[in-house]
Amino acid sequence: MSTTIKIDPERTVGHIHPHVFGGFAEHLGRCIYGGIYEPGSPLADSDGIRTDVLEALKRLKMPIMRYPGGNFVSGYRWRDGVGPKEERQTRMELAWHDLEPNTFGTNEFIDFCRKLGTEPYFAVNAGDGDMREARDWLEYCNGTEDTSLVRLRKSHGYDAPHNIKYWGIGNEVDGPWQIGFKTAEEYARTYLEYAKVMKWTDPSIKLVASAVSLWESNWVERAQLLLEQAPDHIDYMALHWYVGNSGDERGFADNDFAAYMGMSERFEERLSAYEGLIHALRLDNAIKKDIPMTIDEWNVWYRVFDEGKLEEIYNLEDALVVAMHFNAFFRHAKTVKMANIAQIVNVIAPIFTSPEGMVLQTTFYPFELYAQHAGDTALDVHWDGDTFDSGPNGTLRTLDVSATLNTSTNQLAVFVINRSEHEAVEGNLRLTDAAVKGDGRQYVVNGPNVKAENTFDTPHQVGTTEFNISASGSTISASFEPHSVNALVFDLA
Ligand code: AHR
């Protein structure tokens, strides 16, 4: 099997915003409590932050972190989560039918973000909350004038404003499962009124509209109303999706590896359709500014409930699908300016904890690979060669490829996913008007078979290996193992 990959470093797709490597932490299951935050644990620091989790997250270089939900935010009262811990109230939590102790809230999350080196991105309650509450939260966080909310923040030990720049208005408002589900008309009106008071409170913020999570519903109409009614107040349109190899109602493949590997086409069709939709609406409504997309919840999700907690163990094929997301985001780098994997710890997550330790799931490794090696500019790659029958998605190229350039260091990274279950693919990489400076490195995420999992019993089934790849000039040969994710990294002359 062989494939030719052609790259011209001058043929660019767009700037890759670092925010495409974002994360998401929700008050759900053991994401916060027992994941990020476990006071009293020998693995936690004096603030109760799990240091093993923090160190693992640093490897993923997430520059932005969405919080506190998710469905959770649609019933959340931010005031419950600030102030002296002994006065914090435990509440019934209706999105996930749990009890919320509120011992972790705004300021604990900000401290966590500062330790991790990530930028907070808050979602406000547009479910059973109101715009006054949203605007007050913003003033509490970012206010600089001598108001009672700013004094309240200072009395909680935070003299300096948190300067939270990114704010989402609501979460998955298009879903009947949401507390305070909204029709297209209701949300467009709600969005505009929230946005007005929030931007009046702090004009420097960027606002995110909850655009689509239910893809079989009226997402075109929703986008149309939002961009007709609130164009000046929308900085991002947020898309959500989850996929899996399970045949559930949102899944696509039904325990069928080839069909699952065709999931790339789903991402492509959604990203292409939505960017075209925004483009058309901007044209129609004479909107001058760019309105990028954020995929602020995406991942593989099987909805496994373990003792009432949403937790699951991923395998290698899931890791390949995570990698395909980044290839798709890079191919749409012009319009995808943020993406947040949902979520970061225990719940639908690349990191899995117990009170005694932690496992890096299979999906951790492709995320790390892309976050560590991607450059700032996406390149337009042409590749041609072996194909496979993906069933519902027809015949597809066996390799899924993207490439990036680091324009400061002139480093090229080529990301290659071999979607063959059993066969290696020989790659013939040809550079146009460019040459490598010398040998490069090949990083490979792989495991013994596509069902291999990392668990507490077998924590290293899937991982990353690396080796030298000899190269000179403009033509390079590389071999891609079956079911592997690869990064080829070269300095260009
Ligand atoms: O990430 C888990 C849940 O998935 C989020 O709370 C919700 O927004 C989505 O349906």
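The structure under discussion appears in the preceding block.
I will try to describe carefully the structure that is included in this document. Values in this document were obtained by computation on a predicted structure and should not be read as measured data.

Procedures and definitions
- Within each chain, residues carry numbers counting from 1 in the order of the written sequence.
- Note on the predicted model: pLDDT of at least 70 is required for a residue's local features to be given, and 80 or more for side-chain atom pairs to be given and counted; whole-chain, interface and lining totals, by contrast, use all residues.
- In computing side-chain values, all of the structure's heavy atoms are included and hydrogens and water are not.
- Each helix corresponds to a stretch of at least 4 residues labelled H or I by DSSP, and each strand to a stretch of at least 2 residues labelled E; elements are numbered beginning at the N terminus.
- Just to be clear, the radius of gyration here is over C-alpha atoms, and the globule rule we use is 2.2 Å times residues to the power 0.38.
- Under the scheme applied here, a residue whose accessible area is under 20% of the maximum for its type counts as buried, over 50% as exposed, and between as partly exposed, the area being computed with a 1.4 Å probe on protein chains only.
- Contacts were defined at the residue level, with two residues in contact if any of their heavy atoms lie within 4.5 Å.
- Any two strands with at least two DSSP-identified bridges between them are counted as paired.
- To obtain an axis, a line is fitted to C-alpha atoms, over the contacting stretch when the element is a helix, and the angle between two such axes runs from 0 to 180 degrees between their N-to-C directions.
- Only residues whose relative accessible area exceeds 30% and that form no salt bridge enter a patch; like-charged residues are grouped when within 9 Å of one another, and nonpolar side chains (Val, Leu, Ile, Met, Phe, Trp, Tyr) when within 5 Å.
- Surface accessibility follows the Shrake-Rupley procedure with a 1.4 Å probe radius. Residue values consider only the protein chains on display as shielding.
- By definition here, a salt bridge exists when the distance from a side-chain nitrogen of Lys or Arg to a carboxyl oxygen of Asp or Glu is within 4 Å.
- Cysteine sulfur atoms are paired as a disulfide whenever they come within 2.5 Å of each other.
- Note that the term roughly parallel is reserved for angles under 35 degrees, roughly antiparallel for angles over 145, roughly perpendicular for angles of 65 to 115, and oblique for everything else.
- Less than a right angle of anticlockwise turn of the near helix away from the far helix marks a crossing as left-handed, whereas a clockwise turn marks it as right-handed.
- Gly is placed with the polar residues, together with every amino acid not listed as nonpolar (Ala, Val, Leu, Ile, Met, Phe, Trp, Tyr, Cys and Pro) or charged (Asp, Glu, Lys and Arg).

Before going further, it helps to spend a moment on the overall build of the protein. On a plain count of helices and strands, the protein comes out with 10 helices and 27 strands. Relative to the globule expectation of 23 Å for 493 residues, the C-alpha radius of gyration of the protein, 23 Å, shows essentially globular dimensions. Across its three principal directions, the C-alpha atoms of the protein cover 65 × 55 × 45 Å. Here the protein holds 493 residues, and the buried ones make up 60% of them. Put simply, of all contacts in the protein between residues at least 6 apart along the chain, 76% involve residues at least 24 apart.

Before going further, it helps to spend a moment on the sheet that holds strand β18 (residues 382-385). Read across the open sheet, the 4 strands follow the order β18-β1-β23-β26; overall the sheet is mixed. Both edges of this open sheet fall to β18 and β26 (475-480), since each of them pairs with a single strand only. When strand polarity is set aside, the average angle formed by the axes of neighbouring strands in this sheet is 20 degrees. Here 4 bridges tie strand β1 (residues 2-7) to β18, and the two strands are oriented antiparallel to one another. Paired with Lys 6 across the bridge in β18 is His 382.

Looking now at a nonpolar patch on the surface. The grouping of Met 92, Leu 94 and Leu 99 at the surface amounts to a nonpolar patch, some 370 Å² of accessible area in total. Note on placement: Leu 94 falls in the loop between β5 (91-93) and β6 (98-100).

Turning next to the state of the cysteines. In this structure the tally under the stated criterion is 0 disulfides. In this structure Cys 31 is a free cysteine whose sulfur lies 12 Å from that of Cys 113, the closest cysteine sulfur available. Take Cys 31: its relative accessible area is 0%, and that puts it in the buried class. Cysteine Cys 141 remains unbridged, with the sulfur of Cys 113 as its closest cysteine sulfur at 11 Å. Its relative accessible area of 0% is what places Cys 141 among the buried residues.

Of note, the bond from Gly 69 into Gly 70 is cis; its omega dihedral lies within 30 degrees of zero at 15 degrees. Turning to its location among the elements, Gly 70 is positioned in the loop between β4 (64-67) and β5. Here the bond from Ala 342 into Gln 343 is cis, since omega is 5 degrees, no more than 30 degrees from zero. For Gln 343, the location among the structural elements is in the loop between β14 (336-342) and β15 (351-354). Although it is not a glycine, Asn 255 sits at a positive phi angle of roughly 50 degrees.

For the rest of this paragraph, the subject is the packing of helix α3 (residues 131-142) against helix α5 (residues 184-201). The description of two packed helices rests on the angle between their axes and on the distance between the axes. As a packed pair, α3 and α5 sit with axes 9 Å apart at the nearest point and diverge in direction by 25 degrees. Compared by their axis directions, α3 and α5 come out roughly parallel. α3 and α5 meet at a crossing whose hand is right-handed. Along its contact with α3, which presents Met 131, Ala 134, Arg 135, Leu 138 and Glu 139, the element α5 presents Glu 193, Tyr 194, Val 197, Met 198 and Thr 201. Tallied by class, the residues present in the contact of α3 with α5 amount to 6 nonpolar, 1 polar and 3 charged.

The next thing to look at is the sheet that holds β4. Sheet architecture is closed into a barrel: 8 strands sit in the order β3-β4-β7-β8-β9-β10-β11-β14, paired in parallel fashion. The mean inter-strand angle of the sheet, taken between neighbouring strand axes irrespective of direction, is 30 degrees. Where α5 meets the sheet, it contacts β7 (119-124), β8 (166-169) and β9 (206-212), and its direction lies at approximately 170 degrees from that of β9. Helix α8 (residues 263-284) rests against β9, β10 (236-243), β11 (293-300) and β14 of the sheet, and its axis sits at about 165 degrees to β10.

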